[in-house]
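# Structural overview
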Amino acid sequence: MRIGVFTSGGDAPGMNACIRAVVRSALAAGHEVAGISRGYSGLLAEDFLRSEDGGRRMTLRSVSDIARRGGTILHTSRSQEFRTEAGLRKAADILRKHEIDALIPIGGDGTFRGAAALARFWDGRIVGCPGTIDNDLLGTDYTIGFATAVQTAVDAVDKLRDTADAHERMFLVEVMGRHCGSIALFCAIASGAEIAAIPETPTRTDEIVRLLHEFVQRRKTSVMMIVAEGDEQGGAVELQRQLQELGCPYETRVLALGHLQRGGSPVFSDRILASRLGDFAVRAVLEGRTGVMAGEIGGRLVLTPFEETYAAHRQVDPEDMRLLQIMAT
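The rules we used
Residues numbered from 1 in each chain as written. Predicted model: local features only at pLDDT ≥ 70, side-chain atom pairs only at ≥ 80, totals over all residues. Heavy atoms only, no water. Helix = DSSP H or I, 4+ residues; strand = E, 2+ residues; numbered from the N terminus. Rg over C-alpha atoms; globule rule 2.2 N^0.38 Å. Buried < 20%, exposed > 50% of the residue type's maximum accessible area, 1.4 Å probe, protein only. Contact = heavy atoms within 4.5 Å. Areas by Shrake-Rupley, 256 points an atom, 1.4 Å probe, with all protein chains shown as cover. Lys, Arg positive; Asp, Glu negative; His and termini not counted. Charge placed at Lys NZ, Arg CZ, Asp CG, Glu CD. Axes fitted to C-alpha atoms, helices over the stretch in contact; angles between N-to-C directions. Left-handed = near helix turned anticlockwise from the far one by under 90°. Nonpolar A, V, L, I, M, F, W, Y, C, P; charged D, E, K, R; others polar.

Right, let's talk about the overall build of the protein chain for a bit. For the protein chain, the helix and strand inventory stands at eleven helices and ten strands. Taking 2.2 N^0.38 as the reference for a compact globule, 329 residues should give roughly 20 Å; the C-alpha atoms of the protein chain span a radius of gyration of 22 Å, in line with that estimate. On the principal axes, the C-alpha backbone points of the protein chain span a range of 70 × 40 × 35 Å. Relative to its 329 residues, the protein chain shows a buried fraction of 54%. Counting only contacts in the protein chain whose residues sit at least 6 apart along the sequence, the fraction spanning at least 24 positions is 75%. When the accessible surface of the protein chain is summed, it comes to about 14300 Å², and 47% of that surface belongs to carbon and sulfur atoms. If you average the places of the 38 positive and of the 43 negative side-chain charges in the protein chain, the two averages end up 5 Å apart.

Right under this line is the structure:
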């Protein structure tokens, strides 16, 4: 069997570890792996990764020492052409041309929407791995890259706290998360931040200002507020403006971490998760499964149909919200 592997959408730390697991597990089982560069865009361009001997098959050497590296050796992109029926038919023809029997896409909801659409025109097997820092997919407790993104944000907030204390300021730190506040919430708990603004809960600026005045009365010299980019109030800059209009008692500064959260060497938990899911995806393909994502829930490896992984926005755990409130106040 020839298995194609690619990464698509936003990059996430741990994608390389997942690629490595797919390649080594498939080769150990006696199958071939074709690395497709630049996701669906590269598939349409027939852009296959070349091995050290110039061939189009990935080897053990192709993935040597890549688990510790951020980014993705297969590169990634987004493709407008692939979203059309003509693009999907073209992709299916290319897969048949190169005798690819199965695909293992590594990415987020856009990647899996594309995989589900491709399945209408191609009868090969498709099993995906959740590679996205947002942790917004259903069917897995955590996505590949989430833990590293949180660690990156926590490191930044720890450093900002020193400056906030020195100048007696409030910092609003914006992290990624258009629809899911997991990064913001986990970062807030781990870094000891006082406030988190996330898409899943209403952000009441008047109540925040009241809380800030309480902090002043308690002689609290610094405040850290973590803001998910998808917060309904419009992000950290807009929240800063609203807080100032309502009489925020602290001098405020804004820092948007942006794409910084996607980079860096993956933490150990992302490397392990990526390795487990990459190997599990290969085993699922060899067992004849298709149209599903490999995930881990409660320590168990599970398969979830693509459509269910993005059917609804993931909700944060109310217990984590309660914990943040207790720790902050």
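Next up on the list: the environment of Gly87. Within the fold, Gly87 resides in helix α3 (residues 85-97). Residue classification places Gly87 among the buried positions, given a relative accessible area of 0%. Sequence-wise, Gly87 and Ser41 are 46 residues apart; in three dimensions their C-alpha atoms are separated by 9.6 Å. Not counting residues up to four positions away in its chain, the partners in contact with Gly87 are Leu44, Glu81 and Phe82.

Let's shift gears to the packing of helix α1 (residues 15-28) against helix α9 (residues 268-286). Where α1 meets α9, the axes come as close as 7 Å, and the angle between the chain directions of the two elements is 35°. Relative to α9, the crossing made by α1 is right-handed. On the side of α1, the interface is formed by Ala17, Cys18, Ala21, Val22, Ser25 and Ala26, while α9 contributes Arg271, Ala274, Ser275, Gly278, Asp279 and Val282. Looking at the contact of α1 with α9, its residues break down into seven nonpolar, three polar and two charged.

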